[in-house]
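The chain contents come next:
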Amino acid sequence: MSWRIADSRRLEEMCDLGQVDAVFRALYPNEMGPDLISENAMRWMGSRELAEQTKRNSGSIPVVLTNPQSPLGIVAREWLRHRRVSYDVIGEEHDITNAMKLVANGAAVSPLPGFVFDGNPALHEDCVEVIPGGLEIRYGMFFDDKRFNLRLAMDIFELLQGELHRMPPRLLPIRGRAWPINR
């Protein structure tokens, strides 16, 4: 079994063409989810230096978000508007590795999964939660029910969830590459 990280449009195309058996992707705010859904906590992370600058200066916070049409982009922007956080989007990034680099370098704040920082003290020492309060986003797994049943899909879902929470952040998959899951 192998898995790929890619933007959701590409994954949906691959699923439609029969190139992948299942797609695990973020859900739009009002989207009805599939049978297999999980919530993932995102934290607004940034460098300690940027957090200090934000405390001293009441101006806009530089952020890196996904595009405004993506599920995470919609949820993040709505979360910021709802809490009346003044922000400037300095870039749109779909690759979590690139977003993490911008955060660690002090260029911006970005909503990142909590598990990226948990268990990695070196990364956590340089980064802090700049905007308090987590951002919850739903993920769902879509699968071809003609190829396999719900029980097998649930096994894949549980395996994927376990791998996401077990994987050290430095080994996060890079978009478009397959990482074998040996089980």
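The structure this text deals with has already been given above.
Here is a short report on the structure shown in this document. Residue indices begin from 1 for each chain and proceed along its sequence in written order. Reporting in this predicted model follows two pLDDT cut-offs: at least 70 for local features of residues, and 80 or more for side-chain atom pairs to be given and counted; totals over whole chains, interfaces and linings ignore these cut-offs and use all residues. Excluding hydrogens and water, the side-chain values take into account all heavy atoms of the structure.

**Remarks on the overall build of the protein**
Secondary structure assignment for the protein yields 7 helices and 8 strands. We call a residue buried when its accessible area falls under 20% of the maximum for its residue type, exposed when it is over 50%, and partly exposed in between, using a 1.4 Å probe and counting protein chains only. Every one of the 183 residues in the protein was classed for burial, and the buried ones make up 43%. Two residues qualify as a contact provided that any one of their heavy atoms is within 4.5 Å of a heavy atom in the partner residue. Considering only residue pairs separated by 6 or more positions, the protein has 77% of its internal contacts joining residues 24 or more positions apart. Total accessible area on the protein is roughly 10500 Å²; 49% of this is exposed by carbon and sulfur atoms. Each helix corresponds to a stretch of at least 4 residues labelled H or I by DSSP, and each strand to a stretch of at least 2 residues labelled E; elements are numbered beginning at the N terminus. Computed with a 1.4 Å probe, the accessible areas rest on the Shrake-Rupley method; for each residue, only the protein chains presented here act as cover.

**Overview of the nonpolar core**
Only buried Ala, Val, Leu, Ile, Met, Phe, Trp, Tyr and Cys residues count toward a nonpolar core, and they belong to the same one when joined by side-chain atoms within 4.5 Å. Residues Trp44, Leu80, Val109, Ile131, Leu135, Ile137 and Met141 are the most contacted members of the largest nonpolar core, which totals 30 residues. In terms of residue count, strand 7 (residues 127–143) provides more of this core than any other element does, 8 residues in total. Ranked by size, the runner-up nonpolar core spans 6 residues in total, among them Ala99, Val103, Leu112 and Cys127.

**Points about unusual backbone geometry**
Most peptide bonds adopt trans geometry, and most residues besides glycine take a negative phi value. Of note, arginine 84 is a non-glycine position whose phi angle comes to about 55°, a positive value. Within the secondary structure layout, arginine 84 lies in the loop between helix 3 (71–82) and strand 5 (87–92). A relative accessible area of 79% means that arginine 84 is categorised as exposed.

**Quick look at the side chain of arginine 77**
In this structure, arginine 77 sits in helix 3. Non-local contacts of arginine 77, meaning those with residues more than four positions away in its chain, are made with Leu65, Thr66, Asn67, Pro68, Tyr87, Val89 and Glu92.

**Focus on the sheet that holds strand 6 (residues 110–113)**
Here, a strand pair is defined by DSSP locating no fewer than two bridges between the strands. With respect to topology, 4 strands assemble into an open sheet ordered 2-7-3-6, the strand pairing being antiparallel. Two strands in the sheet have a free side with no partner beyond their single neighbour: strand 2 (22–26) and strand 6. In this sheet, neighbouring strand axes are inclined to one another by 35° on average, regardless of whether the strands run parallel or antiparallel. Summarising the sheet, strand 2 and strand 7 pair through 5 bridges and their orientation is antiparallel. As a rule, the C-alpha atoms of each element are fitted with a line to give its axis, helices using only the stretch in contact, and angles between N-to-C directions run from 0 to 180 degrees.

**Focus on the pattern of salt bridges**
Salt bridges are defined as contacts in which a side-chain nitrogen from Lys or Arg sits within 4 Å of a carboxyl oxygen from Asp or Glu. Taken as a whole, this structure holds 5 salt bridges when the rule is applied. A salt bridge links arginine 151 to aspartate 155; the shortest N-O distance between them is 2.4 Å. Residue arginine 151 and its partner aspartate 155 are both found in helix 7 (residues 150–166); the two are separated by 4 residues, about one turn of the helix. Its relative accessible area of 45% is what places arginine 151 among the partly exposed residues.

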